[in-house]
Amino acid sequence: MEMTIMGKYQTLVIRPDSELDQHAAEKIRVGADKLLRKTGLKNVAFDMRRVRFMDSSGIGVIMGRYRTVCAIGGNVAVFGMSPYVERLISMSGIREIVIIAERLQDALEEVAGIC
Amino acid sequence: MLNNSMKVEFSAITENERFARGVAAAFVVGLDPTVDELSEIKTAISEAVTNAIIHGYEGRGGKILMEGVIYDGCVEFSVSDEGVGISDIRRAREPLYTGKPEDERSGMGFTIMETFMDSLDVESERGGGTRVTMTKKIGRVSP
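Here is what the cut-offs are and how they apply
Residues numbered from 1 in each chain as written. Chains lettered and ligands numbered in written order. Predicted model: local features only at pLDDT ≥ 70, side-chain atom pairs only at ≥ 80, totals over all residues. Heavy atoms only, no water. Helix = DSSP H or I, 4+ residues; strand = E, 2+ residues; numbered from the N terminus. Rg over C-alpha atoms; globule rule 2.2 N^0.38 Å. Buried < 20%, exposed > 50% of the residue type's maximum accessible area, 1.4 Å probe, protein only. Contact = heavy atoms within 4.5 Å. Core = buried A, V, L, I, M, F, W, Y, C linked by side-chain atoms within 4.5 Å. Buried area = accessible area lost by both parts, 1.4 Å probe. Salt bridge = Lys/Arg side-chain N within 4 Å of Asp/Glu carboxyl O. Axes fitted to C-alpha atoms, helices over the stretch in contact; angles between N-to-C directions. Parallel < 35°, antiparallel > 145°, perpendicular 65-115°, else oblique. Left-handed = near helix turned anticlockwise from the far one by under 90°. Nonpolar A, V, L, I, M, F, W, Y, C, P; charged D, E, K, R; others polar. Pairing = 2+ DSSP bridges.

Draft legend 1. Expanded view of the overall build of chain A. When helices and strands are tallied, chain A shows four helices and seven strands. Secondary structure elements in chain A, listed N-terminal to C-terminal, are β-β-β-α-β-β-α-β-α-β-α. In terms of C-alpha radius of gyration, chain A reaches 13 Å, essentially the compact-globule figure of 13 Å for 115 residues. Considered along the principal axes of its C-alpha atoms, chain A spans approximately 30 × 30 × 20 Å. Taking all 115 residues of chain A together, 51% fall into the buried category. Taking as baseline every contact in chain A between residues at least 6 positions apart, the subset at least 24 positions apart corresponds to 69%.

Following this line, the structure appears as structure tokens:
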């Protein structure tokens, strides 16, 4: 998992590895919340381009970050999903609360509200 | 028609989620599943194993037994634990219900198992562990 701070967009970009299960989700949760607290960033963008496998733990970790940043007026975006990941996301209903984008740039502009 | 069976026991730790779905995928490969069918099976197994680790054993560890049977182009998997059990199975199966909201569980586990497999049976009693049995017909859509 990699995390990148995009200061211009007040956004933390989280890039999970290929298998997003409970084991990986727990590491993302701990790492991301620590960084969000430390930096005061408002938004989160999930870069799903590497994700080949995901289960409901992946949905849980996205929902959880939404709760964290929603409280401080931030947004969550998800981009670069495979059709399979997109199917799981659609089943969960989180499309209603997070921004779905195709590319990094679209995701960044949308979470930061500059489009 | 190929008939086969397998049984594997492993520790209830999240590191083994990947192991469990890898074993399940390798087991069904002889049925020549599609990429989607394989993903569905792996996801359903991952949900069942995660439930056993987090809800069954509440993260304290234990043993999980995974069994698989192949017959007539169908695969049946069961995932069993000897954990705390589910007191209200009907409620646990409702979409978005989670027994552990503080742990960021999405409440989608049983819904995903039901959607991705053809049948799902949950046997559980308080203090007596849980056994989840799922079946799926492979290769329904022939090329």
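Draft legend 2. How the structure looks around the nonpolar core. The biggest cluster of nonpolar side chains holds 33 residues, and the ones touching the most others in it are B:Ile41, B:Ile45, B:Ile64, B:Val75, B:Phe77 and B:Met134. For this core, the secondary structure elements donating two or more residues are strand S1 (4–11), helix H1 (15–28), helix H2 (35–56), strand S2 (63–71), strand S3 (74–81), helix H4 (109–116), strand S4 (119–124) and strand S5 (130–137) of chain B. The element best represented in this core is H2(B), accounting for eight residues. Every residue in contact with B:Met134, bar those within four places of it in the chain, is listed here: B:Ala44, B:Ile45, B:Ala48, B:Val75, B:Glu76, B:Phe77, B:Met113, B:Met117, B:Ser119 and B:Leu120. A:Leu12, A:Met54, A:Val69 and B:Phe116 belong to the second-largest nonpolar core, a separate cluster that totals 31 residues.

Draft legend 3. Main features of the interface of chain A and chain B. If you look at the interface, chain A gives 21 residues, while chain B gives 23 residues. Taking both sides of the interface into account, the surface hidden between chain A and chain B amounts to around 1,900 Å²; carbon and sulfur atoms contribute 52%. The largest share of the area that chain A buries against chain B comes from A:Gln22, A:Tyr84 and A:Met91, three residues that together contribute 27% of it. With a shortest N-O distance of 3.0 Å, B:Arg21 and A:Asp21 are connected by a salt bridge. Of all the elements in the fold, those that place two or more residues in the side of chain A that touches chain B are helix H1 (22–39), strand S5 (53–54), helix H2 (56–70) and helix H3 (83–92) of chain A.

Draft legend 4. A look at the packing of H1(A) against H2(A). Residue and element names in this part refer to chain A. Two elements in contact, H1 and H2, have axes separated by 9 Å at closest approach and are oriented at 15 degrees. Taken together, the axes of H1 and H2 lie roughly parallel to each other. The way H1 lies across H2 gives a crossing that is right-handed. Mapping the contact onto sequence places Gln-22, Ala-25, Ile-28, Arg-29, Ala-32, Asp-33 and Leu-36 in H1 and Ser-57, Val-61, Arg-65, Thr-68 and Val-69 in H2. For the contact of H1 with H2, the class distribution of residues is six nonpolar, three polar and three charged.

Draft legend 5. Seen up close, the pairing of strand S2 (residues 11–15) of chain A. All names here are of chain A. Counting buried positions along S2 gives four out of five residues, so the element sits mostly inside the fold. Relative to S2, strand S1 (residues 2–6) runs antiparallel, the two sharing five bridges. By the bridge assignment, Met-3 is partnered in S2 with Ile-14. The hairpin formed by S1 and S2 contains four residues between the paired strands, and Gln-10 there has a positive phi angle of roughly 55 degrees. One ladder, built from four bridges, connects S2 with strand S4 (residues 43–47); its direction is parallel. If you follow Thr-11 over to S4, its bridge partner there is Asn-43.

Draft legend 6. Up close: the sheet that holds S2(A). All names here are of chain A. What the five strands build is an open sheet, ordered S1-S2-S4-S6-S7; its pairing is mixed. The sheet is open, and its two edges are formed by S1 and strand S7 (99–101), each paired on a single side. Taken over all neighbouring pairs, the strand axes of this sheet differ in orientation by 20 degrees on average, direction set aside.

Draft legend 7. Seen up close, unusual backbone geometry. All names here are of chain B. A positive phi is found at Glu-58, a non-glycine position, where the angle reads about 50 degrees. Within the fold, Glu-58 resides in the loop between H2 and S2. Non-glycine residue Leu-96 carries a positive phi angle of around 70 degrees. Within the element layout of this structure, Leu-96 appears in the loop between helix H3 (89–92) and H4.

Draft legend 8. Highlighting the sheet that holds S4(B). Residues and elements named next belong to chain B. Ordered by their spatial adjacency, five strands build an open sheet running S1-S2-S3-S5-S4, and the pairing between neighbours is antiparallel. Each having just a single partner strand, S1 and S4 make up the two edges of the open sheet. Averaged over all pairs of adjacent strands, the angle between their axes in this sheet comes to 10 degrees, without regard to strand direction. Pairing of S2 with S3 involves eight bridges; the strand directions are antiparallel. Looking at the pairing, Val-69 lines up with Glu-76 of S3.

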